[in-house]
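Here are the chains, one letter per residue:
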Amino acid sequence: MPVVQAQETTNKLVYTFAIDEDIAPPASLRVEKAMEEAQSLKADIIIVHINTFGGTLDDADKIRTAFLQSSIPVYAYIDNNAASAGALISIACDSIYMHSGSSIGAATVVDMSGEVQPDKYQSYMRSLMRSTAESRGRRADIAQAMVDPDIYVAGICDSGKVLTFTTHEAIEYGYCEAEVSSIEDVLDHAGVARYTIREQRYSFIDKLIGFLVNPVVSGILIMLIIGGIYFELQQPGIGFPLILALCAAALYFAPLYLEGLADYWEILLFIVGIVLMILELFVFPGFGVSGVLGIICLVSGLIFSMVGNTGLDFSHVPTGLIANRTMIVLVAFVIALPLSIFLGKKLFESNMFGGLALNTVEDTQEGYTVAAEREQSLIGASGEASTILRPAGKVRIEEKTFDAVAQTGYIEKGSSVKVVDYVNGSLVVTED
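A brief look at the structure comes next. (Residues numbered from 1 in each chain as written. Predicted model: local features only at pLDDT ≥ 70, side-chain atom pairs only at ≥ 80, totals over all residues. Heavy atoms only, no water.)

A word on the packing of aromatic side chains. Counted by the stated rule, this structure contains 7 aromatic pairs. Between the aromatic rings of Phe165 and Tyr175, the centroid separation amounts to 6.0 Å while the plane-to-plane angle is 65 degrees, which identifies the pairing as edge-to-face. With Phe165 in strand E6 (residues 164-166) and Tyr175 in the loop between helix H6 (167-172) and strand E7 (178-180), the pair connects residues that are 10 residues apart, well separated along the chain. Assessed through its relative accessible area of 1%, Phe165 is described here as buried. Given the relative accessible area of 0%, Tyr175 is considered buried. A centroid spacing of 6.0 Å and a plane angle of 50 degrees characterise the contact between Trp265 and Phe304, whose relative ring orientation is tilted. Here Trp265, found in helix H11 (residues 264-282), pairs with Phe304, found in helix H12 (residues 289-304); they are 39 residues apart in sequence, far enough to count as distant. (Phe/Tyr/Trp six-rings, centres within 6.5 Å; stacked < 30°, edge-to-face > 60°. Helix = DSSP H or I, 4+ residues; strand = E, 2+ residues; numbered from the N terminus. Buried < 20%, exposed > 50% of the residue type's maximum accessible area, 1.4 Å probe, protein only.)

Given below as structure tokens:
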């Protein structure tokens, strides 16, 4: 049976907050705010109410480090689960208390589909678990066995399975101080008789920021940015696609800037990327240096804004975090561009969105005769692209300039073209 500490008579300020979600950027931001608030309040004890199945290793390591470096004692109250990354942050606490029926362990590193990652990832996790356990006076071999099924711990883990402790097993082997049913029980077992509990206050703005910095939401915002830019370039002018892209960019960068992740130069890098891409399309036609630099600047701005670098110094940023954020941006690009092209083709051909592509039929009965007859007569004629067609642009035929669209793909400026049709007030051309 655990020994209850002697009761203290001075009033203690106890600061509490919960980690009851996946370990991801919103969770690490919440912990950072909580630790800062506890320090500002001069709290005597911090109690973390934990119930999580784990999450990203990078965010778990941030939380672990915050707990290890805290000048205020941190107690973990595990209510149901502290699995994977949750086990790591629990072990980083000064004391661990568990509710009946709870468990701690199963910290093997897996990918998004649940597949076990190569040993280099397991080795890093083993070292984190080992060093964390040692720093808190807990058995390092048990912590490693929670990661690696090949680690043998006599009398505890010899079945080739990743180690997971129940509440009573954790108490027996020094990974839990006592079985409790509430935060008040935690304080009772810790010997704290007089106390004032202060819970973390999470405002609507904090919740909104936490939602927007979620990697999934960030990926969706990036898709909206890319899609909006694509549609605006297809139909130039201050329209809905541009407004959508600007709103998505604001929702993407604003919370990252407020949380200190995005710096002004990273936002400027993103803007420069867009400007370079526009120059490539309308000033220097063709896929050249300006376009490549634009894409690099745009992607770099999006990636750097999601990591906590200081200027160009990335030495303290985990390599895995940079790789994770790069993957988010690239996946969003890979999905957004083909989807935008597909939807663009469907929308411009659909009568439902005829206003986007001027699909109104100029019927001769309504008086549309002269212009239509002139353009119709040009079918079969050859000319030259006076601008780049992506797919819309202008062509010059018989010393006159006409609006035109490429039938497929895009046509470079100066290319010979042939008129194959006249639709929606524009000549339809192919490269001759």
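With that out of the way, let us pick up the side chain of Gln200. Among the structural elements, Gln200 can be located in the loop between strand E8 (195-199) and helix H8 (204-212). For Gln200, the side chain forms a polar contact with the main-chain oxygen of Arg30, separated by 3.1 Å. Once residues lying within four places of it in the same chain are set aside, the contact partners of Gln200 are Tyr15, Thr16, Phe17, Arg30, Lys33, Ala34 and Glu37. (Polar contact = N/O pair within 3.5 Å; in protein donor to acceptor, adjacent residues only side chain to side chain. Contact = heavy atoms within 4.5 Å.)

So, on to the packing of helix H2 (residues 57-68) against helix H4 (residues 119-135). Here H2 crosses H4 at 15 degrees, and the two axes come no closer than 12 Å. Put simply, H2 runs roughly parallel to H4. Classified by chirality, the crossing of H4 by H2 is left-handed. Contact with H2, carried on its side by Leu57, Asp61, Arg64 and Leu68, involves Tyr124, Met125, Leu128, Ser131, Thr132 and Ser135 of H4 and no other residues of that element. Among the residues forming the contact of H2 with H4, the class breakdown is 5 nonpolar, 3 polar and 2 charged. (Axes fitted to C-alpha atoms, helices over the stretch in contact; angles between N-to-C directions. Parallel < 35°, antiparallel > 145°, perpendicular 65-115°, else oblique. Left-handed = near helix turned anticlockwise from the far one by under 90°. Nonpolar A, V, L, I, M, F, W, Y, C, P; charged D, E, K, R; others polar.)

As summarised here, the arrangement of the 5 strands in space is E9-E10-E11-E13-E12, forming a closed barrel in which the pairing is mixed. Direction aside, the axes of adjacent strands within the sheet are offset by 55 degrees on average. Judged from the 3 bridges that link them, strand E9 (residues 382-385) and strand E12 (residues 416-423) form a sheet pairing that is antiparallel. Within E12, the position partnered with Ser382 by the bridge is Lys418. (Pairing = 2+ DSSP bridges.)

If you look at the biggest cluster of nonpolar residues, it comprises 50 residues, and the most contacted ones within it are Phe17, Phe67, Ile104 and Met129. In terms of residue count, helix H3 (residues 85-91) provides more of this core than any other element does, 5 residues in total. Not counting residues within four places of it along the chain, the set of residues in contact with Ile104 comprises Ile78, Ala82, Ala87, Ser90, Ile91, Ile96, Met98, Met146, Thr164, Phe165 and Ala170. In this structure, Leu212, Val213, Val217 and Ala336 belong to the second largest nonpolar core, which totals 29 residues. (Core = buried A, V, L, I, M, F, W, Y, C linked by side-chain atoms within 4.5 Å.)

Here H4 spans 24 Å end to end across 17 residues, near enough to the 24 Å set by a 1.5 Å rise per residue. Considered for burial, the residues of H4 that qualify are Gln122, Met125, Arg126, Leu128, Met129, Thr132 and Ala133. Take H4 and look down its axis: the buried residues cluster within an arc of 165 degrees, on one side only. Exposed residues lying more than 90 degrees from the buried face of H4 are Lys120 and Glu134. In the core, the buried residues of H4 are packed alongside H2, H3 and helix H5 (140-145). At the C-terminal side of H4, Gly137 shows a positive phi close to 75 degrees. (Expected span 1.5 Å × (residues − 1). Arc of directions from axis to C-beta.)

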